[in-house]
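Now for the letters of each chain:
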Amino acid sequence: MEQAIFKDYSVIEGLLKDTVIPDMFKVRQTFSRERIEDVAEETRRQLTSGGLEEPIQPGMTIAVTGSSRGIANMNIILRETVRFLKEAGALPFIIPAMGSHGGATAEGQKAVLAGYGITEEFCGCPIVSSMDTVCIGLGKQKGADCMHNDGFKYFKTRIPLFGNYVRTHTNVHFAVASIENAYDETSKIAVLRNEEIPVKEPELLKYAFSLMPRILVDETDVLIVNEIGKNFSGSGMDPNITGTWSTPYGSGGIKKQRTVVLDLSDESHGNGLGIGQADTTTLRFFNKMDFTETYPNALTSTVSLPVKLAMVLKNDEMAIKAAVKTCNETDPSNTRTVLIKNSLSMEEIYLSRAYLEHMKDISGLTMESGCRPLPFDANGNLILWNH
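All of these numbers come straight from a predicted model, not from anything done at the bench.

Criteria and cut-off values
- Residues numbered from 1 in each chain as written.
- Predicted model: local features only at pLDDT ≥ 70, side-chain atom pairs only at ≥ 80, totals over all residues.
- Heavy atoms only, no water.
- Helix = DSSP H or I, 4+ residues; strand = E, 2+ residues; numbered from the N terminus.
- Rg over C-alpha atoms; globule rule 2.2 N^0.38 Å.
- Buried < 20%, exposed > 50% of the residue type's maximum accessible area, 1.4 Å probe, protein only.
- Contact = heavy atoms within 4.5 Å.
- Lys, Arg positive; Asp, Glu negative; His and termini not counted.
- Charge placed at Lys NZ, Arg CZ, Asp CG, Glu CD.
- Phe/Tyr/Trp six-rings, centres within 6.5 Å; stacked < 30°, edge-to-face > 60°.
- Lys NZ or Arg CZ within 6 Å of the ring centre and 35° of its normal.
- 1 Å grid on protein atoms, 1.4 Å probe; cavity = no way out; pocket = protein on both sides within 12 Å on 5 of 7 lines; lining within 4 Å.
- Points joined across faces, edges and corners; volume = space filled by probe spheres on them.
- Nonpolar A, V, L, I, M, F, W, Y, C, P; charged D, E, K, R; others polar.
- Core = buried A, V, L, I, M, F, W, Y, C linked by side-chain atoms within 4.5 Å.
- Salt bridge = Lys/Arg side-chain N within 4 Å of Asp/Glu carboxyl O.
- Polar contact = N/O pair within 3.5 Å; in protein donor to acceptor, adjacent residues only side chain to side chain.
- Pairing = 2+ DSSP bridges.
- Axes fitted to C-alpha atoms, helices over the stretch in contact; angles between N-to-C directions.
- Parallel < 35°, antiparallel > 145°, perpendicular 65-115°, else oblique.

Quick look at the overall build of the protein chain now. Helix and strand counts for the protein chain stand at 13 helices and 12 strands. Relative to a compact globule of 387 residues, whose C-alpha radius of gyration would be 21 Å, the protein chain shows 23 Å and is just as compact. Projecting the C-alpha coordinates of the protein chain onto the three principal axes gives extents of approximately 70 × 45 × 40 Å. Among the 387 residues that make up the protein chain, the fraction classed as buried is 48%. Here the analysis covers contacts within the protein chain between residues at least 6 apart in sequence; of these, 73% occur between residues at least 24 apart. Averaging the coordinates of the 39 positive side-chain charges in the protein chain and doing the same for the 48 negative ones gives two points 3 Å apart.

This is the structure in structure tokens:
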């Protein structure tokens, strides 16, 4: 595979040999850290405090949904929900609540759940995965296709419209809402009855937004993202943080000239959605990317930019240098650079030397190391975060 792309690196290496990767220092970002210490106990408490078991009849079959998103403690929350339903006499089973993820196949979607620890053994019930749909219900790929058909422009009205139609025309008994803090920890669990969902969910959404992390530096020349994947964001990397929007209907995140993506998470199962928002990437990423897992997402969402291929370079060092070299109107010996692990892990980031003089003006940042060159191994790959 490597030879199919690069027969000879010498020309590219020659073009980048004088490019300087700036020295960087480790920074700790501090956010609000409200969290639940015992997620299983809190889930049980919420489920058993509202009389939810009253309408459940013995032998009733109830589907419990498992998401493709990397939700903290999702397997534990599902296990406790299943246990609650079984104790009420129901026969629960888990289904993958996904559109085109997992390659838009039943087997692939079940594998996505297993990657999050959601298995029949752990949760104590069957997992039934199918791409079949009916006119009303969880729409799978066909439902996602219908939702995306006219583009993101209409999501603001279509999401609540579709959700409320399903809620009022099917037997949705209750919903379990999980909200995370900026450290990817469960901060709040709320159980809403069917009729409470449209009333209480908007406030829960506002609360969730208030806890979101961000890069406390507003602007940079080069943003380096160590890894992307569907477990971090539906977009591979959360554009609310990285500013990598694929639609004009969203905004926010750090401003930058170039974005580097170094790796693809194992939990993404080869789905490289989001690489189109990067300017440079690595052969390692390319070799992990499964186009048959990725392209169904683009075909369903009708947005092709996230699956377009960034410039593929030999290794991490070369990918970073290429991004630095292609920046305009910067100090080539002192380029502003921000390095993050992924768009979920915002506590520890790295900033380049150019930010040293501004540290005192940015609330929430604590310097944790001196300024030094980024460490690369003999193959030119970054060796931070056990890479």
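Continuing now.
Here we come to the packing of aromatic side chains. The final tally for this structure, using the stated rule, is four aromatic pairs. The interplanar angle of 65° and the centroid separation of 6.0 Å between the aromatic rings of Phe286 and Phe291 together place this pair among those described as edge-to-face. Among the aromatic residues, those joined into a ring-pair cluster are Phe286, Phe291 and Tyr295. Above the plane of the ring of Tyr183 lies Arg33, whose end atom (NZ or CZ) is 4.0 Å from the centre. The side chain of Lys314 reaches across the aromatic face of Tyr9, ending 4.7 Å from its centre.

This structure, assessed with the given rule, holds one cavity of 30 Å³ or more. Taken as a whole, the largest cavity encloses approximately 70 Å³ of empty space. Ser68, His101, Gly102, Val112, Tyr116, Lys230, Glu267, Ser268, His269, Asn271 and Glu293 are the residues that line the largest cavity. Here the residues of the lining of the largest cavity sort into two nonpolar, six polar and three charged.

For the rest of this paragraph, the subject is the nonpolar core. Across soluble globular proteins, you tend to see nonpolar side chains buried next to one another. If you look at the biggest cluster of nonpolar residues, it comprises 30 residues, and the most contacted ones within it are Ile215, Val261, Val338, Ile340, Leu351 and Leu365. No other element matches the three residues that strand β6 (residues 222–228) contributes to this core. Not counting residues within four places of it along the chain, the set of residues in contact with Val261 comprises Val225, Ile228, Met237, Ile275, Ala278, Thr280, Thr281, Thr282 and Phe285. By size, the runner-up hydrophobic cluster in this structure holds 23 residues, among which are Ile56, Val82, Tyr116 and Phe174.

A separate point is the pattern of salt bridges. In this structure the tally under the stated criterion is 24 salt bridges. A salt bridge links Glu13 to Lys314, with the nearest nitrogen and oxygen atoms 3.5 Å apart. Here the residue Glu13 occupies a position in helix α2 (residues 10–16), and Lys314 occupies one in the loop between β9 (311–313) and α13 (316–325), the gap between them amounting to 301 residues. Residue class for Glu13 comes out partly exposed when judged on its relative accessible area of 36%. In this structure, Arg214 engages Asp218 in a salt bridge whose closest nitrogen and oxygen atoms are separated by 3.5 Å.

Positive phi values are uncommon outside glycine, yet Asn73 reaches one of about 60°. On the secondary structure map, Asn73 appears in the loop between β2 (61–67) and α4 (74–87). Asn73 sits in the partly exposed class, given a relative accessible area of 28%. Phi is positive for Thr302, close to 65°, though the residue is something other than glycine. Within the fold, Thr302 resides in the loop between α12 (291–301) and β9.

Looking at the element boundaries, Asp221 is found in the loop between α9 (197–210) and β6. From its side chain, Asp221 meets the backbone nitrogen of Arg336 in a polar contact 3.0 Å long.

Turning next to the pairing of β6. In terms of burial, β6 is largely enclosed, as seven of its seven residues are buried. With six bridges connecting them, β6 and strand β7 (residues 258–264) associate as parallel partners. Paired with Ile224 across the bridge in β7 is Val260.

Its place among the elements puts Lys256 in the loop between α10 (239–242) and β7. In this structure Lys256 comes out as partly exposed when scored by relative accessible area, which is 25%. Taking the C-alpha atoms as reference points, Lys256 and Val222, 34 residues apart in sequence, are found 6.0 Å from one another. Excluding its chain neighbours within four sequence positions, the residues that come into contact with Lys256 are Thr220, Asp221, Leu223, Thr242, Gly243 and Thr244. At 3.0 Å, the side chain of Lys256 and the backbone oxygen of Thr242 are in polar contact. In this structure the side chain of Lys256 is engaged in a polar contact, spanning 3.1 Å, whose partner is the backbone oxygen of Gly243.

Right, let's get into the packing of helix α7 (residues 140–148) against α12. Running from N to C, α7 and α12 cross one another at 45°; their axes reach a closest spacing of 7 Å. In terms of their interaxial angle, α7 and α12 are classed as oblique. Contacts between α7 and α12 involve Gln141, Ala144, Asp145 and His148 from the first element and Leu299, Thr300 and Ser301 from the second. The residue inventory of the contact of α7 with α12, partitioned by class, reads two nonpolar, four polar and one charged.

Further remarks concern the environment of Asp221. Taking relative accessible area as the criterion, Asp221 reaches 6% and is therefore assigned buried. When the C-alpha positions of Asp221 and Phe232 are compared, they lie 23 Å apart, and in sequence the two are 11 residues distant. Every residue in contact with Asp221, bar those within four places of it in the chain, is listed here: Lys256, Gln257, Arg258, Cys327, Thr330, Thr335 and Arg336.

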